[in-house]
Amino acid sequence: MSEMLKVAVLGARGRMGTAAVAAIEGAPDMELVAALGRSDPLDTLVEKGAQVVVDLTVPTSTEANVRFAVEHGIHAVVGTTGWDAARLASLEKLLAGRPETGVLIAPNFALGSVLATRFAQQAARYFDSVEIIELHHPRKVDAPSGTALRTAQLVAKARADAGVPAAPDATETTLVGARGARVSGIPVHSVRLAGLVAHQEVLLGSEGEQLTIRHDSFNHDSFMPGVLLGVRTVSNRPGLTVGLDGYLDLEG
Ligand SMILES: NC(=O)c1ccc[n+]([C@@H]2O[C@H](COP(=O)([O-])OP(=O)(O)OC[C@H]3O[C@@H](n4cnc5c(N)ncnc54)[C@H](O)[C@@H]3O)[C@@H](O)[C@H]2O)c1
Ligand SMILES: O=C(O)C1=N[C@H](C(=O)O)CCC1
């Protein structure tokens, strides 16, 4: 029988962390060796022999956590938001000195969300206008969501590659924020509403028609197959991967 994969969770008592601990404990090929909260020392990861760490903490903690893991040769699967271009570049530099270590930064672990973003990328060039609405629970600490940021960046790139303007708009706003925030030129609108979990709509419009690409996560279990896929794959993908689509075969 092959050996169990030793996995640790950071942010283990949060919404995502609680679900991840249960998913890892239920996985026949994994052993949960540490479930750490905000005040637990990161040295525990080394003491417990973690091979993969799953970071589900907060944007202010995640970078230090991942750098610690990489410096100690521990692969990292990261769901936490806050990984801007500067942080990613700095992490890539660190990984260059640890070429055997893998890090997955996944803005969204839900398979349907990954597919919705891919479909939006594919559709982006064919419509005059595109806007994104992301809708989440009110305890979410950041806006816009990491998923919306990534979707907007990929949609904008697809449009730029095809020579299509990001989002033509001649509106003169009389109130700051009325047209949402611009991410790579794409308008992004954030809704925070009691009762919601994690939802996103990409609206694409042309004269006389609209395509809406919508994804809904109704609970945190929806993210767990993606977390487990990340944990099982990360050691075979050295270096930095951004987006779970990097671990999926979405061509064809
Ligand atoms: N990638 C995805 O699919 C996905 C899905 C849901 C949420 N998220 C993201 O994951 C993150 C966590 O979301 P949540 O809803 O579980 O938040 P949460 O507030 O419920 O949980 C975060 C937990 O992290 C703990 N924490 C903070 N700093 C820590 C540290 N240094 N070490 C260990 N624990 C620490 C907090 O005490 C808290 O228990 C957010 O950035 C969120 O946007 C990603
Ligand atoms: O609940 C959250 O917080 C979520 N965060 C991620 C994001 O910001 O995109 C993924 C969806 C849920």
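Each value, and the rule that gives it
Residues numbered from 1 in each chain as written. Chains lettered and ligands numbered in written order. Predicted model: local features only at pLDDT ≥ 70, side-chain atom pairs only at ≥ 80, totals over all residues. Domains from an automatic or database assignment. Contact = placed C-beta atoms within 7 Å. Helix = DSSP H or I, 4+ residues; strand = E, 2+ residues; numbered from the N terminus. Buried ≥ 20, exposed ≤ 12 C-beta atoms within 10 Å, placed from the backbone. Core = buried A, V, L, I, M, F, W, Y, C linked by C-beta atoms within 7 Å. Near = placed C-beta within 6 Å. Nonpolar A, V, L, I, M, F, W, Y, C, P; charged D, E, K, R; others polar. UniProt positions renumbered as here; feature names shortened; annotations may be inferred. Axes fitted to C-alpha atoms, helices over the stretch in contact; angles between N-to-C directions. Parallel < 35°, antiparallel > 145°, perpendicular 65-115°, else oblique. Left-handed = near helix turned anticlockwise from the far one by under 90°. Expected span 1.5 Å × (residues − 1). Pairing = 2+ DSSP bridges.

A.B. asks: Honestly, the domain arrangement of the chain in this entry has me stumped. Any pointers?
C.D. replies: Accessible area lost on assembly of the parts is the figure often given for the size of an interface. Taken domain by domain, the chain holds domain 1 (5-105 + 220-247) and domain 2 (111-217). Using only C-alpha atoms to locate each centre, domain 1 and domain 2 end up separated by 27 Å. Between domain 1 and domain 2, the contact holds 11 residues from the first and 8 residues from the second.

A.B. asks: Is there a simple way to explain the environment of Ser222 in this structure?
C.D. replies: Along the chain, Ser222 falls in the loop between strand E10 (209-217) and helix H7 (224-233). Ser222 gets classed as buried once you count the C-beta atoms within 10 Å, which come to 20. Sequence-wise, Ser222 and Arg237 are 15 residues apart; in three dimensions their C-alpha atoms are separated by 24 Å. Once you skip the residues sitting within four places of it in the chain, Ser222 turns out to touch Ala110 and Ser217.

A.B. asks: Even after reading the chapter, I still don't get the nonpolar core, so can you show me in this structure?
C.D. replies: Taken as a class, soluble globular proteins show a tendency for nonpolar side chains to be buried jointly. Counting 46 residues, the largest nonpolar core has Ala8, Val9, Ala20, Val53, Val54 and Val227 as the members making the most contacts within it. Counting residues per element, the ones that place at least two in this core are strand E1 (5-10), helix H1 (15-25), strand E2 (30-36), strand E3 (52-55), helix H3 (59-71), strand E4 (75-78), strand E5 (102-105) and H7. Residue contacts for Ala8: discarding those within four places in its chain leaves Val33, Ala34, Leu36, Leu45, Lys48, Ala50 and Val53. Ala124, Val130, Val155 and Ile213 belong to the second largest nonpolar core, which has 17 residues in total.

A.B. asks: Teacher, can you tell me more about the site of ligand 1 here?
C.D. replies: In the vicinity of ligand 1 lie 25 residues, with Gly11, Gly14, Met16, Ser61 and Gly79 positioned nearest. Those elements that provide at least two residues to the shell around ligand 1 are H1 and H3. Here the shell around ligand 1 is composed, by residue class, of 10 nonpolar, 12 polar and 3 charged.

A.B. asks: Is there a simple way to think about the UniProt feature "binding site: (S)-2,3,4,5-tetrahydrodipicolinate" (unreviewed entry) in the chain in this case?
C.D. replies: As annotated in UniProt, the feature "binding site: (S)-2,3,4,5-tetrahydrodipicolinate" (unreviewed entry) corresponds to His137, Gly146 and Thr147 in the numbering used here. Looking at where His137 falls in the secondary structure, it is placed in the loop between strand E6 (129-136) and helix H6 (146-161). In this structure His137 touches Leu196 and Val197, once residues within four positions along its chain are discounted. The residue Thr147 is located in helix H6 in this model.

A.B. asks: What exactly am I supposed to notice about the packing of H1 against H7 here?
C.D. replies: The relative placement of two packed helices comes down to the angle between their axes together with the axis-to-axis distance. Interaxial distance between H1 and H7 falls to 10 Å at its minimum, and their mutual angle equals 60°. The angle between the axes of H1 and H7 places the two elements in the oblique class. Read as a crossing pair, H1 and H7 show a hand that is right-handed. Here Ala19, Ala20 and Ala23 of H1 lie close against H7, whose contacting residues are Met224, Val227 and Leu228. Residue composition of the contact of H1 with H7, by class: 6 nonpolar, no polar and no charged.

A.B. asks: Whenever I open this one, H6 confuses me. Can you help?
C.D. replies: Owing to its 3.6 residues per turn, the α-helix brings residues three or four apart onto one side. End to end, H6 covers 23 Å across 16 residues, agreeing with the expected 22 Å (1.5 Å per residue, within 8%). All of the buried residues along H6 are Thr147, Ala148, Leu149, Arg150, Thr151, Ala152, Val155, Ala156 and Arg159. Contact partners of the buried residues in H6: helix H5 (111-123), E6, strand E7 (181-183), strand E8 (186-192) and strand E9 (198-206). Of the residues one or two after H6, Gly163 is the one with positive phi, at around 75°.

A.B. asks: Please clarify how the sheet that holds E6 should be interpreted in this entry.
C.D. replies: The strands making up a sheet associate through hydrogen bonds between their backbones, and the pairing can be parallel or antiparallel. Spatially, E7-E8-E6-E9-E10 is the arrangement adopted by the 5 strands of the open sheet, whose pairing is mixed. For this open sheet the edge positions go to E7 and E10, each flanked by a neighbour on one side alone. Averaged over all adjacent pairs, the angle separating strand axes in this sheet is 25°, with direction ignored. The pairing of E6 with E8 spans 5 bridges and is classified as parallel. The partner of Ile133 across the bridge, within E8, is His189. Sitting on the sheet, H5 is in contact with E9 and E10, with an inclination near 160° to E10. Sheet strands touched by H6: E6, E7, E8 and E9. Its angle to E6, the strand with the most contacts, is close to 170°.

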